[in-house]
Amino acid sequence: MINGINDALVILVYLLLSLTLIFITLLCMRFALLAKIEEDFQQIAIMKVMGLPQTFIKNVYLAKYYACMLLAIILSWLTSYPLTLPVLKQMEMSMGKSRTPFYSYLLEIALTSILSGLIAWITSQPLKSFKKLTPSQALSSQNSQKQEKTKNPTKRGLPSHRFMDVFYFSWKQLCQHKKLYLTMLFILSLIGFVLLLPTNLHHTLTDKEFTQYIGVGKSDVRMDLFQVKNIEKKTKQLVKELSQNREIKTLNTQIVYNIPYKDKKGQIRELRVSVGNHSSFPVKYSQGRFPKNDQEIALSKLQANDLNLNFGDSMDMLVNGQKMKMKLVGIYSDLTYGGKTAKATFQVKDQLALSSLVTIQLKESIQKKKILQKLQNNYPDYKTTDVDDFFYQTFGDTLSRIKEIQLGVFWLGNILVFILTCLFIYMIFMKDKKDLALYRLLGFSKQTLISYYLLAFFWIIAVSFLLALILLLSLGQTFCNLLLNNFGISQLQLILDFQQSFLFIPLSILVSGLCATRFVLGGINKLDLAPYLN
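In what follows, the accompanying structure is described. Here the structure is a predicted model, which is why all the values come from computation and not from measurement.

Conventions adopted
- All residue numbers refer to positions counted from 1 along the written sequence of the respective chain.
- In keeping with the predicted nature of the model, local features appear solely for residues at pLDDT of at least 70, side-chain atom pairs appear and are counted solely at 80 or more, and the whole-chain, interface and lining totals rest on all residues.
- Side-chain measures here rest on the full set of heavy atoms in the structure, leaving out hydrogens and waters.
- In DSSP terms, a helix is any run of H or I states spanning at least four residues, a strand is any run of E spanning at least two, and both are numbered starting from the N terminus.
- Cavity and pocket criteria rest on a 1 Å grid covering protein atoms alone: a 1.4 Å probe that fits but cannot get out defines a cavity, protein on both sides within 12 Å along at least 5 of 7 lines defines an open pocket, and an atom within 4 Å of a point defines a lining residue.
- Grid points are joined across faces, edges and corners, and a volume is the space filled by probe spheres set on the points.
- Lys, Arg, Asp and Glu make up the charged group, whereas Ala, Val, Leu, Ile, Met, Phe, Trp, Tyr, Cys and Pro make up the nonpolar group; the residues left over, Gly among them, are polar.
- Between the rings of Phe, Tyr and Trp (Trp by its six-membered ring), a pair exists once the centres lie within 6.5 Å; its type follows the angle of the planes, with under 30 degrees stacked, over 60 edge-to-face, and the other angles tilted.
- Any residue under 20% of the maximum accessible area for its type is buried, any over 50% is exposed, and the rest in between are partly exposed; the area is computed with a 1.4 Å probe on protein chains only.

What about the environment of L482?
Relative to the helices and strands, L482 is located in helix α14 (residues 446-484). Here the alpha-carbon distance between L482 and L492, two residues 10 residues apart in the chain, equals 9.8 Å.

Have a look at this one:
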C-alpha cells in the first residue's frame, strides 16, 4: 500500500504538470494565430476581393499548424518510450513487473486523437469570423484600422499627470492591449501553479504534521513489540521503567487485539483494534474525534468504507464474551496495516494480544540519537524506531523524486516565462512602434518608456501569482484529496512553504519576465524616427 501511494503521488504531479502544459500550449497557439491573422489582415482582404473560397483561406492558415501537430505526434511517440523507462522501472521494483495490456495502446491512440481534435478545433475557431466577412467589409475594416493608427496616436497614450505618469501610462498599456495581457496573465498563472504544486507538496510531505495522516502521531520515538508471549505484561513493565526516565517528557501505550464483531449480514468477523488512551499523540481525524469511553470506537477511512459505516453509526462487538454496542465517533487517516484499523478504550481480558506500541516524546534538550541507542540496547525485544527515520524510510523515494521534479519544473518554468514574455512583449512593441517613435520625438527618454512597460508587466506578474495560489489551494488541493482518498488519507491540507511560495518562486518569475521585457525593449534606441518627422 505504501508503494502504491508513493507511485500515486508522483503520477499526480506528472498528471497535473502535463494538463497544465497542454493548456498553456493551446493558449499560445490560439494567440499566435490571432496575431498572425491581425498582421495579415490586408492579405485576407485581398483574397476576399479575389473571390477565393472560405475553405481555401482557412486551409492556408491551418496547414502549418496541422503539419506541426503531425510532427509533434510522431516525436512524442518516439520519445515517450525512453522517457517512461525510468518511471516504469521504479514501479516494477515496488509493485512487480506485469505485461502491458492491449487496451493501453488503444488508450494512447484515443488520447492522442482527442488532443489532436482539440487543437484542430481551437485553431479553427478564430477563422470562423471570415465566413460573414464580405470583400467590401474587409477593405473598409483595413482602411479604418489604418486611420485609427494614424489619427492622433499620441492623444491616446500620453500621460496627463505630471507625477503619476508612470502609473498612468502603465494602466493605458494594460487597457490598450488587454487581450494580449489577459492571455499572458492566464499563462503566467498556470506556470506559477506548475511551480507551486511540487514545491508545496514536497513541503507538506516533509512537515511534522503529515505523520498524523499516515496513522503515526506526533512523537519522537516508537517502540513496537510483536510475535512474543505475555505482550501485556512486558508492556506494563516497560511503561513502568520508562516513566521513571527523566529524559522522557511523555509516553503512551496501545495494545492491539483482534476483536470479534457482527457485520450487517449477521456474520461474525474480526477487527484489528488498538486499545488504550488515544488522546495522546492523536492521528488526523477527517470526521469526529478519538474515543473517550468504552462505548465509543473510531475507524480508519478504509475500514469504515469496507464496513459501509458512516460517522455516527453503531456496530455490535463481542468484548470479553459480552455483546457491546459501539458508536462510531471518529474516522481517521491511516496507512499502517493496510489502512484497516480501529481505536477503542475498553479493557480486554483473557485474549491474546497481537502487538503493542509505546510512543515517546523526549525533552527538547535531550539528544535523540543517544536515547535511541540506549533504548535499543536496554530493550532488544522491542523494535525501537525514530519516527523521522520511519517516515523517510517510508516516503524517501517519493520525496527524492518530487524534489527532482520540483527542480526540473523550476528551471523549465522560468525558461518558459522568459521565452513567452519575449514573444508577447515583442508583439506589443511592434504594435506600439509608431507611438514609441513619436514619444521619442517629444523628448521621452528610453529608460522612461521602458519603465512604463516594466510596471505594466509587474502588475500582470502580481495578479497572475495570486491566481496561481488560488489554483493551488483549490484545484491542487482537490486533486490531492481525490487521489489520496483511495489510499486512506482524507482531507489532506496542503501546507504552504511561505519562503518558497511568497519569496523565491515569485521573485524568479518576476526576474525572468522583467529581464525578457528589458531585453526586447532595448530596440527602442534603434527606432527609425525619420518617417515620423513629417
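Moving on from the model shown.
Re empty space enclosed by the protein
What the rule picks out here adds up to 2 cavities of 30 Å³ or more. Estimates place the volume of the largest cavity at around 330 Å³. If you go around the largest cavity, you meet 27 residues; those closest to its centre are G215, Q254, S274, K343 and L357. When contributions to the lining of the largest cavity are tallied by element, the ones reaching two or more residues are β1 (221-226), β2 (248-262), β8 (342-344) and β9 (355-362). Looking at which element gives the most residues to the lining of the largest cavity, the answer is β9, with 4 residues. The residue inventory of the lining of the largest cavity, partitioned by class, reads 11 nonpolar, 12 polar and 4 charged. Secondary-structure elements contributing two or more residues to the lining of the second largest cavity are α7 (165-176) and α13 (433-441). Its residues assigned to classes, the lining of the second largest cavity comprises 4 nonpolar, 2 polar and 2 charged.

Some details on the packing of aromatic side chains
Applying the stated rule across the entire model yields 7 aromatic pairs. Note on Y379 and Y382: the rings are 6.3 Å apart at their centroids and 90° apart in plane angle, and the pair reads as edge-to-face. We note that Y379, like Y382, is buried. On the basis of an interplanar angle of 15° and a centroid distance of 5.4 Å, the ring pair of F498 and F502 is categorised as stacked. With F498 and F502 both in helix α15 (residues 498-520) and 4 residues apart, this pair spans about one turn of that helix.

What to know about α13
Turning to α13, its buried residues number three or more, namely D435, L436, A437, L438 and Y439. Positive backbone phi, approximately 105°, marks G443, located one or two places after α13.

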